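# Summary of structural features
Residues per chain, in single letters:
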Amino acid sequence: MSDKKFNVLFLCTGNSARSIMAECILQRHGRGRFQSFSAGSQPKGQVNPDAVKLLKKLNYPTENLRSKSWDEFADSESETMDFVFTVCDNAAGETCPIWPGQPMTAHWGVPDPVTEIGSDAERGSLFAEIFRMIERRIEIFINLPLASLDKLTLQKRLEDIGSAK
């Protein structure tokens, strides 16, 4: 299990900011051990410009990012996910598809920066704060001893990460 590359899907309703940021963070910090994806139940159709601005500022590649439906990952032809994390309360409360392979799931809800109104500087600051919250959770996740944890313990740890600030 230690040599396995894990597929991770981050879900949010609109798939325009939080789940996109999570996808990028894990792709970079996962040190080749994780392949990350993101999707939404009701995708906005485009990545939020403030999210793109922040990601570019932090030197994350943004060219191939797109807002997409979780349906792309819910059929038998899709990549089998090992982990599925909801990063918004709406997505956590929705009836998710049955994921092929029955991945481990957890809710890592963070506030939605897209809904906030304010100056460019205020929005930028909020996006950066949300980014740091997601990044912290991902750092905890990627440092879990996945190969040595039984399924119940791993599930509890994943749920605990959702309360990390």
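As the structure is a computational prediction, the values presented were derived from the model and not from experiment.

## Here we look at the pattern of salt bridges
Within this structure, the stated rule accounts for seven salt bridges. Note that Lys4 and Asp82 form a salt bridge whose closest N and O atoms lie 3.1 Å from each other. With Lys4 in the segment before strand E1 (6–12) and Asp82 in the loop between helix H2 (49–57) and strand E3 (83–86), the pair connects residues that are 78 residues apart, well separated along the chain. Using a relative accessible area of 38% as the deciding quantity, one classes Lys4 as partly exposed. The shortest N-O distance in the salt bridge between Arg123 and Asp50 comes to 2.9 Å. Of the two residues, Arg123 is situated in helix H4 (residues 120–142) and Asp50 in helix H2; the sequence distance between them amounts to 73 residues. Look at the salt bridges and you will find they share partners, linking Asp50, Asp120 and Arg123 into a network.

## Focus: the environment of Leu154
Looking at the element boundaries, Leu154 is found in helix H5 (residues 151–161). For the pair Leu154 and Glu122, spaced 32 residues apart in the sequence, the C-alpha separation amounts to 37 Å. Each residue touching Leu154, except ones within four places of it in the same chain, is listed here: Phe83, Met104, Leu144, Leu146 and Leu149.

## Topic: the packing of H2 against H4
Look at H2 against H4: their axes get within 10 Å of each other, and the N-to-C directions meet at 70°. By the angle between their axes, H2 is roughly perpendicular relative to H4. As for how H2 packs across H4, the hand of that crossing is right-handed. Touching Asp50, Ala51, Leu54 and Leu55 of H2 are Arg123, Phe127, Ala128 and Phe131, all from H4. A per-class count over the contact of H2 with H4 returns six nonpolar, no polar and two charged.

The rules we used
Residues numbered from 1 in each chain as written. Predicted model: local features only at pLDDT ≥ 70, side-chain atom pairs only at ≥ 80, totals over all residues. Heavy atoms only, no water. Salt bridge = Lys/Arg side-chain N within 4 Å of Asp/Glu carboxyl O. Helix = DSSP H or I, 4+ residues; strand = E, 2+ residues; numbered from the N terminus. Buried < 20%, exposed > 50% of the residue type's maximum accessible area, 1.4 Å probe, protein only. Contact = heavy atoms within 4.5 Å. Axes fitted to C-alpha atoms, helices over the stretch in contact; angles between N-to-C directions. Parallel < 35°, antiparallel > 145°, perpendicular 65-115°, else oblique. Left-handed = near helix turned anticlockwise from the far one by under 90°. Nonpolar A, V, L, I, M, F, W, Y, C, P; charged D, E, K, R; others polar.

Treat this as a map of the structure, not an account of what it does.
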